[in-house]
Amino acid sequence: MHNSNKKLQQEIIRISGVNPKKCMRCGKCTATCPAFDEMEYHPHQFVAMVEDGDIEPLLKSESLYRCLTCFACVDRCPRNVEPAKLVEAVRLTVIRQKDANHLKADDIPAMLDEDIPQQALVSAFRKYAK
Amino acid sequence: MKVSYFPGCTLKNKAKQLDVYARRCAEVLGITLEEIEAWQCCGGVFTTANDEVATKLSSVRALQAAQEKDQALVTVCSACHNVIKQTNHAMQTNASFADKVNRYNDTPYDGSTAVYHYLEMLRDLVGVDKIKEKVVNPLKGEKIAAYYGCLLLRPNSVMRMDDPENPSIMEDIIRAIGGTPVIYPYRNECCGGYVVMESPEFAKKKSNAVTESAASFGASRMVTACPLCKYNLEKNAPAVPVVYFTELLAEALGVKEDANA
Ligand code: SF4
Ligand code: SF4
């Protein structure tokens, strides 16, 4: 494993509080994930890739922005691995960098309609920007 | 009885009905919702990373405001409830997180405020039987599909509202006000949430699965406690009308007038 990947791996494990080694690769998280077909890397793959230190592809993946934070994978994992927390940690690793926001204030007007609740905006900003 | 009340950003704007009916119904049932002064937005979603501190301070301030009055904290929006309850849990169980938070505080907060969703308030502080007594316009058996989505129930280790795979809290209330609850498989699946902002097609797929499921089991209306769920279901999958559960309750308790009046 490259040194930079090792450092990232440790950082992601630290801020997520997840121990990917607990995973037994049963795939239940992916089977229950409402976003699995939108995610190029499925939740069980996130866990395996973080465990292997294969972080670079995850950093670039749109999968980070498709997770709905629905916590289905958290509740239904038989080993209590909590994959959503890893997805969150990888996403934060990206958006905490300078100029790396996935959503920018200028993008907002085009997304609005009359009925969209404030909750959608604040949630999207919390997930996609720093 | 008085409780501290955290309405949240959307209840002051697009989801006024959720707020106004919640207050009116609570009064009928003997509870006054005292709005927390100068509350701040919860941020909509809980950030699970344990080094995220600043994003959780608004929730801690609300929890502390309730503690100062020695009151329980009640929220009616599913998202606010999820964020505040998860933050409170982190204050109770994660000492290093609590320590960082408390460096922003004059008096330390220990996570001891009791946090209730409005539905839990109805079940645990009011009681389903009392609701039944107060009904003046029973629903005459109308088939109502309760939609839980994600935020009310999960993560269950923290939320502890109900059985996360087979909840009954809304169904029990629907029964108490004279409706017939519809049990359908998608009631605790996600509507697409905030991803609607960048992928409306994705939200449409998710929402369609939910409303079609409710319709196929004969629902004539759906109820939710979440403004974003309501938006997604109405916008992307208008198979069945969706109302806030507080509106349905207000109908039954005879206090439904124009929420904007
Ligand atoms: S459900 Fe849990 S144990 Fe199974 S693959 Fe997913 S993370 Fe691993
Ligand atoms: S929290 Fe994210 S990764 Fe987990 S099941 Fe939900 S959408 Fe999938």
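Here the structure is a predicted model, which means the values were calculated and not measured. (Residues numbered from 1 in each chain as written. Chains lettered and ligands numbered in written order. Predicted model: local features only at pLDDT ≥ 70, side-chain atom pairs only at ≥ 80, totals over all residues. Heavy atoms only, no water.)

### Looking at the site of ligand 2
Short version of the rule: Consider each residue's heavy atoms; a residue with any of them within 4 Å of a molecule or strand counts as near. Gly counts as polar in this scheme, as do all residues outside two lists: the nonpolar Ala, Val, Leu, Ile, Met, Phe, Trp, Tyr, Cys and Pro, and the charged Asp, Glu, Lys and Arg.
The environment of ligand 2 is formed by Cys33, Pro34, Ala35, Pro43, Cys67, Leu68, Thr69, Cys70, Phe71, Ala72, Cys73 and Ala84 of chain A. In terms of residue class, the shell around ligand 2 is built from eleven nonpolar, one polar and no charged.

### Let's talk about the packing of helix 1 (residues 3–16) of chain A against helix 6 (residues 83–95) of chain A
Residues and elements named next belong to chain A. Heads up, the rule is: Orientation is described by lines fitted to C-alpha atoms, with helices fitted over the stretch in contact, and by angles between N-to-C directions that extend from 0 to 180 degrees. To qualify as a helix, a DSSP run of H or I must reach at least 4 residues; to qualify as a strand, a run of E must reach at least 2; elements of each kind are numbered from the N terminus. Should an angle fall under 35 degrees it is taken as roughly parallel, and over 145 as roughly antiparallel, whereas 65 to 115 is taken as roughly perpendicular and any remaining angle as oblique. It is the rotation of the near helix from the far one that decides the hand of a crossing: anticlockwise by less than a right angle makes it left-handed, clockwise makes it right-handed. Contacts are residue-level and defined by heavy atoms, with any inter-residue pair within 4.5 Å sufficient.
The contact between helix 1 and helix 6 brings their axes to 9 Å, and the two run at 125°. Comparing the axis directions of helix 1 and helix 6 gives the class oblique. Between helix 1 and helix 6 lies a crossing of right-handed hand. Contact with helix 1, carried on its side by Leu8, Ile12, Ile15 and Ser16, involves Lys85, Leu86, Ala89, Val90 and Thr93 of helix 6 and no other residues of that element. Here the residues of the contact of helix 1 with helix 6 sort into six nonpolar, two polar and one charged.

### A word on the interface of chain A and chain B
Where interface size is quoted, it is often the accessible area lost as the parts come together. Spelled out, the test is: Buried area: the accessible area, evaluated with a 1.4 Å probe, that two parts lose upon being put together, summed over both parts. Should a side-chain nitrogen of Lys or Arg be within 4 Å of a carboxyl oxygen of Asp or Glu, the pair is scored as a salt bridge. For the purposes of these results, a polar contact is taken to be a pair of N or O atoms within 3.5 Å, where, inside protein, one atom must be able to donate a hydrogen and its partner to accept one; residues adjacent in sequence count only when each atom of the pair is a side-chain atom.
Between chain A and chain B, the residue contacts involve 43 residues of the former and 46 residues of the latter. Taking both partners together, chain A and chain B bury about 3900 Å²; carbon and sulfur atoms supply 55% of that area. Linking chain A with chain B are nine salt bridges. A salt bridge links arginine 96 of chain A to aspartate 51 of chain B; the nearest nitrogen and oxygen atoms lie 2.9 Å apart. At the surface where chain A touches chain B, the tally comes to 21 residue pairs in polar contact (both at pLDDT 80 or more). Where the side of chain A that touches chain B is concerned, the elements lending two or more residues are helix 1, helix 5 (72–76), helix 6, helix 7 (108–111) and helix 8 (118–128) of chain A.

### A closer look at the pattern of salt bridges
Residue and element names in this part refer to chain B. Inclusion rule: Exposure is judged per residue with a 1.4 Å probe applied to protein chains only, and the accessible area is read against the type maximum: over 50% gives exposed, under 20% gives buried, and values in between give partly exposed.
Counted under the stated rule, the structure contains 32 salt bridges over all chains. For glutamate 171, the salt bridge identified is with arginine 187, shortest N-O distance 2.9 Å. Of this pair, glutamate 171 sits in helix 8 (residues 169–176) while arginine 187 sits in the loop between strand 6 (180–182) and helix 9 (200–216); the two residues are 16 residues apart in sequence, bridging distant segments of the chain. In this structure glutamate 171 comes out as buried when scored by relative accessible area, which is 1%. You can call arginine 187 buried: its relative accessible area is 4%. One salt bridge connects glutamate 251 with lysine 256, and the closest N-O pair in it is separated by 3.9 Å.

### What about helix 4 (residues 95–102) of chain B?
We apply this condition: Read the arc as the range of directions from the helix axis to the C-beta atoms.
For helix 4 of chain B, the complete set of buried residues consists of Phe97, Ala98, Val101 and Asn102 of chain B. Buried positions in helix 4 of chain B, seen along its axis, are confined to an arc of 130° and lie on one side of it.

### Regarding the nonpolar core
The condition is simple: Only buried residues count toward a nonpolar core. Its members are Ala, Val, Leu, Ile, Met, Phe, Trp, Tyr and Cys residues joined through side-chain atoms within 4.5 Å.
Residues Phe6, Leu33, Tyr118, Leu122, Met222, Val223 and Phe245 of chain B are the most contacted members of the largest nonpolar core, which totals 133 residues. Residue contacts for leucine 122 of chain B: discarding those within four places in its chain leaves Leu29, Gly127, Val128, Ile131, Ile173, Phe245 and Leu249 of chain B.

### Quick notes on the sheet that holds strand 8 (residues 242–244) of chain B
Residue and element names in this part refer to chain B. Basically, it comes down to this: Strand pairing is assigned whenever DSSP identifies at least 2 bridges connecting the two strands.
Strand order in the open sheet made by the four strands is 6-5-7-8, with parallel pairing throughout. Of all strands in the sheet, those bounded by a partner on one side alone are strand 6 and strand 8. When the angles between neighbouring strand axes are averaged without regard to direction, this sheet yields 40°. Where strand 5 (residues 143–146) lies against strand 6, three bridges are found, and the strand directions are parallel. When the sheet's bridge partners are listed, alanine 145 is paired in strand 6 with valine 182. Across the sheet, helix 11 (residues 245–253) is in contact with strand 5, strand 7 (221–224) and strand 8; its angle to strand 8 comes to roughly 75°.

### Topic: the domain arrangement of chain B
Residue and element names in this part refer to chain B. For the record, the criterion: All the domain ranges listed were derived from an automatic or database domain assignment.
Looking at the assigned domains, one finds that chain B contains domain 1 (2–119) and domain 2 (135–260). Counting residues at the interface gives 26 residues for domain 1, matched by 29 residues for domain 2. Roughly 2400 Å² is buried in total at the junction of domain 1 and domain 2, and carbon and sulfur atoms are behind 75% of that figure. Of all residues in domain 1, Tyr21, Ser78 and Leu119 give up the largest surface area on contact with domain 2, accounting jointly for 29% of the area buried on that side. Here domain 1 and domain 2 share zero salt bridges between them. Elements with a contribution of two residues or more to the side of domain 1 that touches domain 2: helix 1 (16–28), helix 3 (78–93) and helix 5 (118–126).

### Some words on helix 1 of chain B
Where we set the bar: To estimate how far a helix should reach, multiply one less than its number of residues by 1.5 Å.
With 13 residues, helix 1 of chain B extends 19 Å between its outermost C-alpha atoms, agreeing within 8% with the 18 Å of an ideal straight helix rising 1.5 Å per residue. Those residues of helix 1 of chain B that fall on the buried side of the exposure criterion are Leu18, Asp19, Val20, Tyr21, Ala22, Cys25 and Ala26 of chain B.

### Some words on the environment of valine 255 of chain B
All names here are of chain B. Of note, valine 255 is situated in the segment after helix 11. A relative accessible area of 15% places valine 255 in the buried class. Considered as a pair, valine 255 and valine 28 are 227 residues apart in the sequence and their alpha carbons are 8.5 Å apart. In this structure valine 255 touches Tyr21, Arg24, Cys25, Val28 and Ala250, once residues within four positions along its chain are discounted.

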